[in-house]
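Now for the letters of each chain:
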Amino acid sequence: MIRVLSVASECAPLVKTGGLADVAGALPAALRPEGVDMRTLLPGYPAVMSALRDGAEIGRFDDLFGSPARLLAGQAAGLDLLVIDAPHLFGRAGNPYLGPDGRDWPDNPERFAALSWVGAHVGVHGAGGWQPQVLHGHDWQAGFVTEYLRQMGGGPATVLTVHNIAFTGATAAWRMHSLRLDPGRFTVDGYEYWGGISALKAGLMGADALTTVSPTYAEELMTPEFGMGLDGVMRHRRESLTGILNGIDTDAWNPAADPAVRPYRDLDGKAANTAALRAEMGLPDADGPLCVIVSRMTHQKGLDLVLEALPALLDHGGRLALLGSGDPTLEYAFRTLGEQNPHVAVRIGYDEGLSHRLIAGGDAILVPSRFEPCGLTQMYGLRYGTIPVVGLTGGLADTVINASPAALAQGVATGLQFSPVTADALRGALVRLCLLYRDRETWSRLVANAMAQPVGWDQSARAYAALYARLTAEP
Ligand SMILES: Nc1ncnc2c1ncn2[C@@H]1O[C@H](COP(=O)(O)OP(=O)(O)O[C@H]2O[C@H](CO)[C@@H](O)[C@H](O)[C@H]2O)[C@@H](O)[C@H]1O
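- By the naming in an unreviewed UniProt entry, the protein is Glycogen synthase, taken from Paracoccus sediminis.
- Among the UniProt annotations of the protein, the heading Function (unreviewed entry) holds the following wording: "Synthesizes alpha-1,4-glucan chains using ADP-glucose."
- Check the Catalytic activity (unreviewed entry) section of the UniProt entry for the protein; it says "[(1->4)-alpha-D-glucosyl](n) + ADP-alpha-D-glucose = [(1->4)-alpha-D-glucosyl](n+1) + ADP + H(+)".

**A look at the UniProt feature "domain: Starch synthase catalytic" (unreviewed entry) in the protein**
Step number 1: The UniProt feature table records "domain: Starch synthase catalytic" (unreviewed entry) at residues 3–236.
Step number 2: Span residues 3–236 is 31% helix and 26% strand, its end C-alpha atoms 29 Å apart.

**What to know about the pairing of strand β5 (residues 79–85)**
Step number 1: Of all seven residues that make up β5, six are buried, and the element is covered over most of its length.
Step number 2: In terms of strand pairing, strand β2 (residues 36–43) meets β5 through four bridges, oriented parallel. When the sheet's bridge partners are listed, P43 is paired in β5 with I84.
Step number 3: Of the pairings in the sheet, the one linking strand β4 (residues 67–76) to β5 comprises seven bridges and is antiparallel in character. Bridge pairing in β5 links A76 to L79.
Step number 4: Adjacent in sequence and paired antiparallel, β4 and β5 are bridged by two residues, among which A77 carries a positive phi angle near 50 degrees.

**Observations concerning the UniProt feature "binding site: ADP-alpha-D-glucose" (unreviewed entry) in the protein**
Step number 1: With numbering matched to this structure, UniProt assigns "binding site: ADP-alpha-D-glucose" (unreviewed entry) to K16.
Step number 2: With residues near it in sequence (within four places) discarded, K16 still touches E10, A21, D22, Y350 and E352.

**Considering the site of the ligand**
Step number 1: Neighbouring the ligand are 28 residues; H163, R296, G349, E372 and G375 lie closest to it.
Step number 2: A distance of 3.0 Å is found between an oxygen atom of the ligand and a side-chain nitrogen or oxygen belonging to D22.
Step number 3: In the model, an oxygen atom of the ligand is placed 2.6 Å from a nitrogen or oxygen of the R296 side chain.
Step number 4: Protein contact buries 97% of the 710 Å² of open area that the ligand shows by itself.
Step number 5: Of all the secondary structure elements, the ones that give two or more residues to the shell around the ligand are α1 (19–31), β13 (290–297), β14 (319–326) and α14 (377–383).
Step number 6: Element by element, the count of residues in the shell around the ligand is highest for α1, at four residues.

Parameters and conventions
Residues numbered from 1 in each chain as written. Predicted model: local features only at pLDDT ≥ 70, side-chain atom pairs only at ≥ 80, totals over all residues. Heavy atoms only, no water. UniProt positions renumbered as here; feature names shortened; annotations may be inferred. Helix = DSSP H or I, 4+ residues; strand = E, 2+ residues; numbered from the N terminus. Buried < 20%, exposed > 50% of the residue type's maximum accessible area, 1.4 Å probe, protein only. Pairing = 2+ DSSP bridges. Contact = heavy atoms within 4.5 Å. Near = heavy atom within 4 Å. Polar contact = N/O pair within 3.5 Å; in protein donor to acceptor, adjacent residues only side chain to side chain. Areas by Shrake-Rupley, 256 points an atom, 1.4 Å probe, with all protein chains shown as cover.

As structure tokens, this is what we get:
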């Protein structure tokens, strides 16, 4: 078995704000059959501490960025965990990154520097007799692992996965002392980023291998349009970068055995879920598709384009049901739309059960992202026969087969893609969707194809295992 420590700031089902948690939560089980013993290092947020009932103390730190802290080991939700019990950093209820005012905690740089520091420490000294051969970090929160490893005199091989380069973990240069960084490394080859500090940049420069969550996003990251000021770094590290597509948890997301819905295996069985969803959301019957959205409401996700393009859907008999939260302006716009238009239902909030009912009951799922490293909801859509309508970008390009005339003729289409990602192109896609929906034979073929697509972890787990094997191979 190859021993890997996954260093993550969130991990489903214990603590989740987005797709990173799904991936961190799914990887250990997906990798076990591939000969990987993965443990996960998590901050001891209240939700994690209460899930870790029988945690054993395996280490102590006199001063972990301000106060003493403990390292605990134990199991929760089927995961082998190492947890940092540091109430001064993580003993805050609610969202792991935001205070009650909806803003980032001011000490987030130090909080996640502490996560990275403990990751590096375990890499060098082991934990409770368990010594990782690879440290696999996720996003900026694990970015400083490589900086601290250098200070500690080196350690195991390192991998950093970019789930979303938009979050760079940037902060002001004066913080280098409170972050315990080596001032000598405030350089272009180190953690310096446009005159400030970036945890992500540090990790991108320092990790032995970089991955991101789809092959197309790996290419996009090297362009100024998608690289968020780090495209030069990505080009510099091109040889070390691979795109490994995410899978989804096919047990949690299984239409034939999902306790949150009326289980089904085909289009006929799906109809009961559509009827139930309509009733739940108070939407009228109509002759067009019921489109659903489950999303964080941010600029990335392109929901403003939906606001613009929606009349085209409604004019063709379509309806929309949305679940999401985030940007207050978008929340307000959708809430108002839902109040004014009987064909639109909006739920602002985060609701796991409703997300399943929406995806089971929808005819189509809209994912009009401006960029999308991988995207999970379009894959839930495929598995549930809920046709994805997606922007042609990142993982959305890699997981959906567009219903082009050629793909339809060959009977291989699974969804609709549009490009460029604009309101006009989305409008065109929504009209196409409504026309396809009316052609019942073609529609049922689309649904059957979608449900048959492989969206699990098998192939990607093999790719991660091969990467770890390469990194740990004797020269
Ligand atoms: N209001 C709500 N209620 C219930 N559930 C909700 C919800 N809003 C979102 N979710 C859930 O949160 C997850 C979102 O995952 P995504 O991959 O679609 O995007 P995200 O941008 O968070 O992830 C980033 O990381 C992942 C993982 O690598 C990449 O796939 C992605 O492209 C990248 O942007 C899904 O499981 C979705 O169902």
